[in-house]
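Chain by chain, the residues:
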Amino acid sequence: MIIAIDGPAAAGKGTLARRLARHFNLAQLETGLLYRACGLKVTRSGGDPRDVEAAEKAAKDLDPGDLDSPDLRSDEAAIAASAVATIPEVRNALLDFQRAFAERPPGGAKGAVLDGRDIGATVCPGADVKLFVTASVEVRAERRLKELLERGLEAIYSRVLHDMKKRDAQDTERAVSPLEPVKDAFVLDTSDLDAGAAFAAALEYIEQQSLSG
Ligand code: DC
């Protein structure tokens, strides 16, 4: 069983992916971490994440151990990730890793949950379930602000909202694999849903799907 979850930043994809993976006993891959690790690798070595050659090399050299760094959650990594993610050579280099994970999930799991921006469209177009998780940009900025403050970081709403809009624009307007729901995705707007309600709605959809399929 392959579950593909796509959607913009801070829409609740990660939490939903974790819950579904636990519920169905599936392996989980947060594909944004690959782009974050690649972006950070470039900036930390003094490079520009828009530099095609440096970014492609970082993507090709990525090793699973790079995905464990807590620094991947930083805004520095998010911004660098969004930049390297516009480069087709980087997307291509990361495709094999993602497809291999879906085809041969680690730990003997019977399937996988992958979340990102282009899972339903490009990485796993044949996924059994495709979800597009979204929420208004204001709600997502509030969630992101809360998360940053809880981590003891300094942040203000207007800045977080501005960054969120900038990243949305970069993710939706890029030429290659722009973020948009595929036709066969179930669109789940979590603006007025907490994590439990979003999980319940996704589960109801998946159960209905498996009854009708
Ligand atoms: O989900 P995230 O915020 O960790 O993703 C970081 C960036 O990586 C995001 O701005 C877009 C990019 N990304 C992508 O283009 N395709 C994916 N499958 C996952 C992430």
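Before reading on, note that the structure itself is shown above.
To keep things clear, this report deals only with the structure shown in the data block. Positions within a chain are numbered from 1, following the residues in the order the chain's sequence is written. At least 70 in pLDDT is required for a residue's local features to be given in this predicted model, at least 80 for side-chain atom pairs to be given and counted, and no such filter applies to totals for whole chains, interfaces and linings, which use all residues. The basis for every side-chain value is the complete set of non-hydrogen atoms in the structure, without hydrogens or water.

1. Things to note about the layout of surface pockets
And then number 1: Each cavity reported here is a set of points on a 1 Å grid over the protein atoms alone in which a 1.4 Å probe fits but cannot get out, each pocket an open set with protein on both sides within 12 Å along at least five of seven lines, and each lining residue one with an atom within 4 Å of a point. Grid points are joined across faces, edges and corners, and a volume is the space filled by probe spheres set on the points. One number sums up the size of the largest pocket: a volume of about 1,000 Å³.
And then number 2: Around the largest pocket, the lining comprises 39 residues; the ones closest to its centre are Ala-10, Ala-11, Gly-12, Gly-14 and Glu-147.
And then number 3: Looking at side-chain class alone, the lining of the largest pocket contains 13 nonpolar, eight polar and 18 charged residues.
And then number 4: The volume enclosed by the second largest pocket comes to roughly 360 Å³.
And then number 5: What lines the second largest pocket is a set of 18 residues, and nearest its centre among them are Asp-75, Ile-79, Asp-163, Met-164 and Arg-167.
And then number 6: Only DSSP runs of H or I reaching four residues or more are called helices, and only runs of E reaching two or more are called strands; each is numbered from the N terminus. If you list the elements that add at least two residues to the lining of the second largest pocket, you get helix H4 (75-84), helix H7 (137-150) and helix H8 (157-173).
And then number 7: Classification convention: Asp, Glu, Lys, Arg as charged; Ala, Val, Leu, Ile, Met, Phe, Trp, Tyr, Cys, Pro as nonpolar; all other residues, Gly among them, as polar. Looking at the lining of the second largest pocket residue by residue, the class counts come to eight nonpolar, two polar and eight charged.

2. Comments concerning empty space enclosed by the protein
And then number 1: Counted by the stated rule, this structure contains one cavity of 30 Å³ or more.
And then number 2: Considering only enclosed or pocket space, the largest cavity measures out at about 30 Å³ in volume.
And then number 3: What lines the largest cavity is simply Ala-4, Asp-6, Gly-120, Lys-130, Leu-131, Phe-132, Glu-180, Pro-181, Val-182 and Ala-185.
And then number 4: Elements supplying a minimum of two residues to the lining of the largest cavity: strand E1 (2-6) and strand E4 (129-134).
And then number 5: Ranked by residue count, the leading element in the lining of the largest cavity is E4, at three residues.
And then number 6: In terms of residue class, the lining of the largest cavity is made up of six nonpolar, one polar and three charged.

3. Examining the pattern of salt bridges
Between side chains of opposite charge, a pair can form when the charged atoms approach closely.
And then number 1: By definition here, a salt bridge exists when the distance from a side-chain nitrogen of Lys or Arg to a carboxyl oxygen of Asp or Glu is within 4 Å. Across all of its chains, the model carries 16 salt bridges by this definition.
And then number 2: Residue Glu-56 pairs with Lys-60 through a salt bridge whose shortest N-O separation is 2.9 Å. Of this pair, Glu-56 and Lys-60 both sit in helix H3 (residues 52-60), separated by four residues, roughly a single helical turn.
And then number 3: The salt bridge partner of Arg-159 is Asp-163, with a shortest N-O separation of 3.2 Å. With a gap of four residues between them, Arg-159 and Asp-163 both fall in helix H8, about one helical turn apart.
And then number 4: Through salt bridges with shared partners, a single network forms among Asp-75, Arg-144, Glu-147 and Arg-151.

4. What to know about the nonpolar core
Across soluble globular proteins, nonpolar side chains show a tendency to be buried alongside one another.
And then number 1: Counting 20 residues, the largest nonpolar core has Tyr-35, Cys-38, Ala-55, Val-84, Val-90 and Leu-94 as its most contacted members.
And then number 2: Elements with a contribution of two residues or more to this core: helix H2 (32-44), H3, H4 and helix H5 (88-103).
And then number 3: Sorting elements by how many residues they give to this core places H2 first, with seven residues.
And then number 4: Contact definition: two residues touch when any of their heavy atoms are within 4.5 Å. In this structure Tyr-35 touches Ala-81, Val-84, Ala-85, Val-90, Arg-91, Leu-94, Gln-98 and Asp-118, once residues within four positions along its chain are discounted.
And then number 5: Only buried Ala, Val, Leu, Ile, Met, Phe, Trp, Tyr and Cys residues count toward a nonpolar core, and they belong to the same one when joined by side-chain atoms within 4.5 Å. Burial status follows relative accessibility: with a 1.4 Å probe on protein chains alone, a residue under 20% of its type maximum counts as buried, one over 50% as exposed, and anything between as partly exposed. Core analysis: the next-biggest nonpolar cluster, separate from the first, contains 19 residues, Ala-11, Val-133, Tyr-205 and Ile-206 among them.

5. A short note on H3
And then number 1: Every buried residue of H3 is listed here: Ala-55, Ala-58 and Ala-59. Looking down the long axis of H3, one finds its buried residues gathered within 100° of arc, a one-sided arrangement. Away from its buried face, by an angle of more than 90 degrees, H3 presents the exposed residues Glu-53, Lys-57 and Lys-60.
And then number 2: The inward-facing, buried residues of H3 contact H2, H4 and H5.
And then number 3: Here a polar contact means two N or O atoms within 3.5 Å. Within protein one must be a hydrogen donor candidate and the other an acceptor candidate, and residues neighboring in sequence count only if both atoms are side-chain atoms. The N-capping residue of H3, defined by a side-chain oxygen 3.1 Å from the backbone nitrogen of Glu-53, is Asp-51. Taken from the helix axis, the directions to the C-beta atoms give the arc we talk about.

6. Let's talk about the side chain of Thr-31
And then number 1: Mapping Thr-31 onto the fold places it in the loop between strand E2 (27-30) and H2.
And then number 2: Overall, Thr-31 belongs to the buried group, its relative accessible area being 2%.
And then number 3: Not counting residues up to four positions away in its chain, the partners in contact with Thr-31 are Gln-98, Leu-114, Asp-115, Gly-116 and Ile-119.

7. Some thoughts on the pairing of E1
And then number 1: Most of E1 sits inside the fold, with five of its five residues counted as buried.
And then number 2: Burial along E1 is two-sided: Ile-2, Ala-4 and Asp-6 and Ile-3 and Ile-5, pointing in opposite directions, are all buried.
And then number 3: Pairing between strands is defined by DSSP: at least two bridges between the two strands are required. Pairing of E1 with strand E3 (residues 112-116) involves five bridges; the strand directions are parallel. If you follow Ile-5 over to E3, its bridge partner there is Asp-115.
And then number 4: Sheet analysis places E1 next to E4, joined by four bridges and oriented parallel. Across the sheet, residue Ile-3 finds its bridge partner in E4, namely Val-129.

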